[in-house]
Amino acid sequence: MKQCEQGQTAFNLLLLLSTVLCIVDSEKRPNIVFVVADDYGFHDIGYHNSEIKTPNLDKLAAQGVKLENYYVQPICSPTRSQLMTGRYQIHTGLQHNIIWPSQPYGMPLQFPTVANFLKDQGYSTHAVGKWHLGFYKKEYTPLNRGFDTFYGYWEGGEDYYTYYNCDTYHNRTIDKYLGITQSHSHKEILSGKHGDEVKWCGYDLRDMDKPVTTMNGTYSTHLYTEKAKDIINQAKVSEKPFFLYLAYQAVHSPMEVPPEYVKPYSFIKDAYRRTYAGMTSCMDEGVGNVTQALKDAGLWDNTILIFSTDNGGEILAGGNNWPLRGYKHTLWEGGVRGIGFVTGPLVKQPGKVNEGLMHVSDWFPTIADMVGAQINSSLQLDGKSQWPMINFGKESPRGEILHNIDILEPLVGKKLYEDTFDTRVRAAIRIGNYKLLTGNPGDGKWYPPPHLEKHNVQHSNVTAASDKNVWLFNVSEDPSEVIDLSNILVGQVRSMLERLQYYNSTAVPPQYPDSDPNCDPKLHGGFWGQWLD
């Protein structure tokens, strides 16, 4: 009898253990792979009827949830800061322009990143590719912002093969004189040089925090894909879930890609557009290879893959946002409405096209929700979790998006009202179906893909007075921002100006320090890198 009881007890323990193991396995936290494309235009993905072929991205998006009312920032550093911190740029001081390599500032240290958060949850965290959130002190670099490993470059852009880049002196007055503000110079975009005299030049490729000198001649999209695959292969033998932030250099200028990727696009006559198409195909192949590596490692079934652009396409460097108005740097839809999707076997709504309102600052709390972790309310994030919307088809928790308020941009025109937000200031906000823009939103033309230029493009000749500083659109019905309602719906204008006034009252002063000559790579072994202790 005793033997039988002991046997039953052992059986019960075994049953309990198997039940516990089953629960643990069923609640295993997912791996998160977050892919960011640089300067990737709204028109430039296959499922947006592009002439550029993106079979891997199309397939992944079709197997997941396409985010078709998703917003980013119009330039690099602000988008990446909001993704990382879950905070509007008016709350981090990054309202104005990008972080240039020669400027001594970065994403504020008091704000934890999504990588910090996931690391605290037991995740291994890895960053590959572009950082662009500051490096003048080591505290601002990826290994000190929550990442266990880093392979890539710290500044914002460089040659795809040599990893070489130049910068010159920046301050607010000089940048405005040279046109290097939100409205950029053609020269700056295409050459990476920001004035007639280039001051500082150096290399920028790092493994962890050490300069890499052996990859000259290796195309960066290939390099970063291989590094991502290495991380995946290492993760398959680890008990920890992982977060991989894969921020490709592609498809940012300069216009460079191995020739074999351009050959299928000989029908595109515009040289920049043709090269850009090849760059996009190479990136698409890279994402496909990363996905295959996850499958080969047996990790795909427990991985959620997120794909996002960082801003609208740069029309001077081959990108396109048709039929949206404007492009990178501008607050028009072409600058801020982005490509985005979430995919993987864990996503419960495969094939869904989601029109819910979402902003790049939402990724922090959304990822926390994905992994089943609670965010301390004391963080006071501006982002909202969109996981119930993405995974279960719930309504978006968002009713509005602050696109930006930039008090350092030159004022335009005259104040419309004395008792509310100053309409001379560059700003934009989305509330419900309506979008309000003030000040100077940037180039407001519509740019069709080059192969459509000879076609009759309606509304392409819509112009505005040089001192006009208020526009209102119903972007749900008019996503191309053709019909300005600001003179018709005056009450709506005033209501949205009041909301801008509120946000402005919560803003911190913008950071944009003068360049520091001590940044000179010649003083640091020829590499861009930390120059202050």
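Details of the structure are given in the entry above.
Now for a description of the structure that goes with this document. Since this is a predicted model, take the numbers as computed values, not measurements.

Within the open sheet, the ten strands sit side by side as β9-β8-β5-β4-β10-β1-β11-β12-β2-β13. Their pairing is mixed. Looking at the sheet topology across the chains shown, the edges are occupied by β9 (210–211) and β13 (352–354). Its contacts with the sheet place helix α3 (residues 76–85) against β1 (31–37), β4 (124–130) and β10 (242–247), and it is angled at close to 170 degrees to β10.

The next point concerns helix α8 (residues 271–296). Relative to the 38 Å expected for 26 residues at 1.5 Å per residue, α8 spans 37 Å between its end C-alpha atoms, a close match to the ideal helical length. Just beyond α8, the residue with positive phi is Gly 298, at close to 75 degrees.

The next subject is the packing of helix α7 (residues 220–235) against α8. Closest axis-to-axis distance for the α7/α8 pair is 9 Å, and the angle between their directions is 10 degrees. If you check the angle between α7 and α8, you find them roughly parallel. Mapping the contact onto sequence places Thr 221, His 222, Thr 225, Ala 228, Lys 229 and Ile 232 in α7 and Cys 282, Met 283, Glu 285, Gly 286, Asn 289, Val 290, Ala 293 and Leu 294 in α8. A class-by-class count of the residues in the contact of α7 with α8 yields seven nonpolar, five polar and two charged.

Mapping Asn 320 onto the fold places it in the loop between β11 (303–309) and α9 (333–336). Among the polar contacts made by the side chain of Asn 320, one reaches the main-chain carbonyl oxygen of Tyr 447 at a distance of 2.9 Å. With residues up to four places along the chain from it excluded, the contact list for Asn 320 reads Gly 41, Phe 42, His 43, Asp 44, Arg 273, Gly 313, Ile 315, Tyr 447, Pro 448 and Pro 449.

The biggest cluster of nonpolar side chains holds 53 residues, and the ones touching the most others in it are Tyr 40, Tyr 224 and Phe 307. Contributing elements (two or more residues each) for this core: β1, α2 (55–62), β5 (149–153), α7, β10, α8 and β11. In terms of residue count, α8 provides more of this core than any other element does, nine residues in total.

The next subject is the state of the cysteines. Applying the stated criterion to the full structure yields one disulfide. Here Cys 166 engages in a disulfide with Cys 201; their sulfurs sit 2.0 Å apart. Sign of the S-S torsion, about 110 degrees for the bond between Cys 166 and Cys 201, identifies this disulfide as right-handed. Of the two residues, Cys 166 is situated in strand β6 (residues 164–167) and Cys 201 in strand β7 (residues 200–203); the sequence distance between them amounts to 35 residues. Residue Cys 166 is classed as buried on the basis of its relative accessible area of 10%.

So, on to the environment of Asn 289. Within the element layout of this structure, Asn 289 appears in helix α8. Along the primary structure Asn 289 and Asn 56 are separated by 233 residues, whereas in three dimensions their C-alpha atoms are 9.0 Å apart. Setting aside chain neighbours within four positions, we find Asn 289 in contact with Thr 225 and Lys 229.

What follows concerns the pattern of salt bridges. For the coordinates displayed, the defined rule picks out 19 salt bridges. Two residues, Glu 400 and Arg 499, come together in a salt bridge whose shortest N-O distance is 2.8 Å. Of this pair, Glu 400 sits in strand β15 (residues 400–406) while Arg 499 sits in helix α12 (residues 490–506), placing them 99 residues apart in sequence. By relative accessible area, Glu 400 is classed as buried at 15%. Counted as one network, the salt bridges with shared partners bring together Asp 38, Arg 80, Lys 130 and Asp 310.

Quick look at the environment of Leu 57 now. Here Leu 57 is to be found in helix α2. Take Leu 57: its relative accessible area is 0%, and that puts it in the buried class. Spatially, the C-alpha atoms of Leu 57 and Gly 286 are 10.0 Å apart, while their sequence positions differ by 229 residues. When sequence neighbours within four positions are dropped, the list of residues in contact with Leu 57 reads Tyr 40, Ile 45, Met 283, Asp 284, Val 287, Phe 307 and Phe 341.

We now examine the pairing of strand β12 (residues 340–343). Residues Gly 340 and Val 342 of β12 are buried on one face, and the alternating residues Phe 341 and Thr 343, pointing to the opposite face, are buried as well. Of the strand pairs in this sheet, strand β2 (residues 65–67) and β12 are connected by two bridges, and their pairing is antiparallel. What sits directly across from Lys 66, in β12, is Phe 341. Summarising the sheet, β11 and β12 pair through four bridges and their orientation is antiparallel. The partner of Ile 306 across the bridge, within β12, is Val 342.

Thresholds applied
- Residues numbered from 1 in each chain as written.
- Predicted model: local features only at pLDDT ≥ 70, side-chain atom pairs only at ≥ 80, totals over all residues.
- Heavy atoms only, no water.
- Pairing = 2+ DSSP bridges.
- Helix = DSSP H or I, 4+ residues; strand = E, 2+ residues; numbered from the N terminus.
- Contact = heavy atoms within 4.5 Å.
- Axes fitted to C-alpha atoms, helices over the stretch in contact; angles between N-to-C directions.
- Expected span 1.5 Å × (residues − 1).
- Parallel < 35°, antiparallel > 145°, perpendicular 65-115°, else oblique.
- Nonpolar A, V, L, I, M, F, W, Y, C, P; charged D, E, K, R; others polar.
- Polar contact = N/O pair within 3.5 Å; in protein donor to acceptor, adjacent residues only side chain to side chain.
- Core = buried A, V, L, I, M, F, W, Y, C linked by side-chain atoms within 4.5 Å.
- Buried < 20%, exposed > 50% of the residue type's maximum accessible area, 1.4 Å probe, protein only.
- Disulfide = S-S within 2.5 Å.
- Salt bridge = Lys/Arg side-chain N within 4 Å of Asp/Glu carboxyl O.

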